[in-house]
Amino acid sequence: MSLTDAYNRQIRDLRISLTDRCNFRCFYCLPHGEPAWAKKETLLSFEEIEFVADIFVSLGIEKIRLTGGEPLIRRDVPVLVEKLSRLKPRLRDIALTTNGYDLSRHADALKAAGLDRVTISLDSLRAGRFAEITGSDSLDRVLNAIEAARESSFDPVKLNAVIVRGRNDDEIADFARFAREHALSVRFIEYMPLDSGHGWDRSLVVSGREIREAIEMEFPLELASATRGSETAWKYRFADGAPGEIGIIAPVTEIFCGQCSRIRLTADGQIRTCLFSATEHDLRGIVRSGAGRREIVEFIEAAVLKKEPRHYINDPSFTQPERTMSFIGG
Ligand code: SAM
Ligand code: SF4
C-alpha cells in the first residue's frame with residue numbers, strides 16, 4: 001500500500017508532535033508568558049499513537065519523527081519508541097527532534113528502545129545569546145546533551161540552527177567550525193512565519209544562499225549529492241575532507257514542495273498535510289469514535305488527497321497559520 005496525494009507525491013514521512021508544551025521560549029516559535037496549552041485529555045495517548053502509527057505504516061509511512069513542543073516533556077518517551085520499534089522493519093526509521101534540555105538522562109534508554117536518530121536544536125554557541133533566543137540559560141546543558149547523544153551511539157548527531165538576521169547570523173561560520181571540530185551534522189534552517197508572536201518579517205530571513213556563502217568564506221563546501229530527492233536539506237561536505245556535514249534548509253527562498261513526502265500529526269491528533277495548512281483533519285475524533293481500521297484508512301487517504309500543492313509564504317495574500325511550530329510539530 002502507498003499513500004499518494006493528488007499531485008502524485010508519495011507520502012512516506014510522518015512527524016508526530018507529542019506535546020505542544022515546551023520548557024523553552026524560542027522567540028521564533030513560542031512567545032514569552034504562558035501560552036494557552038492544549039487540554040491534557042485532547043493529547044493522543046501512547047496507545048493511540050501506536051495504533052495510528054501502525055495504520056500509517058501499513059499505508060507506506062517509512063519514517064516517523066517525534067517532535068513537539070518539547071517531546072521529552074512527555075513522560076516515558078522511550079516506552080513509546082519501544083512500541084513504535086515493533087513496526088520495524090516496515091518502519092525504517094524513528095527519529096526525535098529535541099531542544100536537548102532533558103536528553104542526557106534519556107539518551108541511553110532512547111537508543112535501547114530503538115530510536116535511530118536524534119536532532120538537537122542549537123541556535124547559538126554563546127551562552128548569553130542562547131539564553132536570549134530560547135528564554136533558557138542552558139547552553140552547557142545542551143552541549144552536554146550533544147556529547148551524551150554521541151556516547152549513546154547516535155551517529156551522526158544532527159543539530160538544527162534557525163538563522164535569523166541580526167540575532168545569530170554572525171555565527172554561521174562558527175557553527176560550521178563546530179560541525180568540523182565535533183564531526184556533527186549541522187542543519188541551517190531559514191526562519192519561517194510560524195512564530196506565535198507574529199514577529200516574522202521577510203527581512204529577517206537569511207536565505208539559504210547567504211548561509212552557504214557565509215560558510216564558504218571560511219570553509220569551502222562540496223555538494224554531497226547532486227539531487228535532494230524528498231529531503232528538505234541540500235547536503236554538503238567540507239571540500240578539504242574535514243569531518244562533519246552541512247545541511248541547508250531553505251523553505252522560504254527555494255520552495256521544495258514539489259518533492260514533499262511529509263504529513264504531520266499534531267499533539268491533539270489532527271492531521272496536517274502541510275506546515276502552512278489552513279485546515280486540519282480530526283483523526284483523534286475518528287479514532288475515539290471507535291471507528292474501525294478501514295474507516296480510519298479511508299479518512300487518512302482522503303486527508304492526504306487534500307495535501308496542498310505548495311506553500312504560499314511568498315504570495316502577497318499569505319496569512320500565517322493560527323497554530324505555531326510548537327503546536328504543529330517542527
Ligand atoms: N522542541 C524541539 C526542538 O526545539 O528541537 C522540537 C520542536 S521544534 C518546533 C522543531 C524545530 O523547529 C526546531 O529545530 C526549531 O528550531 C524549528 N523551528 C521552530 N520555529 C521555527 C520557525 N519559525 N522557523 C524555522 N524553524 C523553526
Ligand atoms: Fe520549544 Fe522547540 Fe519551539 Fe524552542 S523551537 S520553543 S525548544 S518547541
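Structural data are supplied above this passage.
Read on for an overview of the structure. Source: prediction; values computed, not measured. (Residues numbered from 1 in each chain as written. Chains lettered and ligands numbered in written order. Predicted model: local features only at pLDDT ≥ 70, side-chain atom pairs only at ≥ 80, totals over all residues. Heavy atoms only, no water.)

## Considerations on the overall build of the protein chain
The condition is simple: A run of H or I in DSSP becomes a helix once it reaches four residues, and a run of E becomes a strand once it reaches two; helices and strands are each numbered from the N terminus. Based on C-alpha atoms, the radius of gyration is set beside the globule rule, defined as 2.2 Å times the residue count to the power 0.38. When accessible area is computed with a 1.4 Å probe and restricted to protein chains, residues below 20% of their type maximum are described as buried, those above 50% as exposed, and intermediate ones as partly exposed. Should any heavy atoms of two residues lie within 4.5 Å, those residues are counted as being in contact. For the purpose of charge, His is not counted, nor are the chain termini; Lys and Arg are scored as positive and Asp and Glu as negative. To locate a charge, take atom NZ for lysine, CZ for arginine, CG for aspartate or CD for glutamate.
When helices and strands are tallied, the protein chain shows ten helices and 14 strands. Its C-alpha atoms give the protein chain a radius of gyration of 19 Å, near enough to 20 Å, the size a compact globule of 330 residues would have. With the C-alpha coordinates aligned to their principal axes, the bounding extent of the protein chain is approximately 55 × 45 × 45 Å. Looking at the protein chain as a whole, 57% of its 330 residues are labelled buried. In the protein chain, the proportion of contacts linking residues at least 24 apart, taken out of those at least 6 apart, comes to 73%. Distance from the positive charge centre (46 side chains) to the negative charge centre (50 side chains) of the protein chain: 3 Å.

## Digging into the site of ligand 2
We count it as follows: If a single non-hydrogen atom of a residue is within 4 Å of a molecule or strand, that residue counts as near it. Only Asp, Glu, Lys and Arg are considered charged, only Ala, Val, Leu, Ile, Met, Phe, Trp, Tyr, Cys and Pro nonpolar, and every remaining residue, Gly among them, polar.
Within the structure, ligand 2 sits among Cys22, Phe24, Cys26, Tyr28, Cys29, Leu30, Gly69 and Asn99. Looking at the shell around ligand 2 residue by residue, the class counts come to six nonpolar, two polar and no charged.

## A word on the packing of helix α1 (residues 46-58) against helix α9 (residues 293-305)
Formally: Here an angle of 0 to 180 degrees is reported between the N-to-C directions of two axes, which are lines fitted to C-alpha atoms, with helices fitted over the stretch in contact. By the definition adopted for this analysis, an angle is roughly parallel if under 35 degrees, roughly antiparallel if over 145, roughly perpendicular if from 65 to 115, and oblique otherwise. Handedness of each helix crossing follows the sense of rotation of the near helix against the far helix: counterclockwise by less than a right angle gives left-handed, clockwise gives right-handed.
Remark: α1 packs on α9, axes separated minimally by 11 Å, with the N-to-C direction vectors making an angle of 65°. In terms of orientation, α1 lies roughly perpendicular with respect to α9. Crossing of α1 over α9 shows right-handed handedness. On the side of α1, the interface is formed by Phe51, Asp54, Ile55, Phe56 and Ser58, while α9 contributes Arg293, Ile296, Val297 and Ile300. Here the contact of α1 with α9 is built from residues that sort into six nonpolar, one polar and two charged.

## Things to note about the pairing of strand β10 (residues 233-238)
Note the cut-off: Strands qualify as paired when DSSP identifies two bridges or more between them.
Alignment of strand β9 (residues 221-223) against β10, held across three bridges, turns out to be antiparallel. Bridge pairing links Leu223 to Tyr236 in β10. By the bridge criterion, five bridges tie β10 to strand β11 (residues 245-249) in an arrangement that is antiparallel. Along β11, the bridge assignment pairs Trp234 with Ile248.

## Comments concerning α1
Quick reminder of the rule: In this scheme, a helix's expected span is set at 1.5 Å multiplied by one less than its residue total.
The end-to-end C-alpha distance of α1 is 18 Å, a good match for the 18 Å that 13 residues give at a rise of 1.5 Å each. For α1, the complete set of buried residues consists of Phe46, Glu48, Ile49, Val52, Ala53, Ile55, Phe56 and Val57. Once α1 finishes, Gly60 follows within two positions and takes phi at roughly 110°, a positive value.

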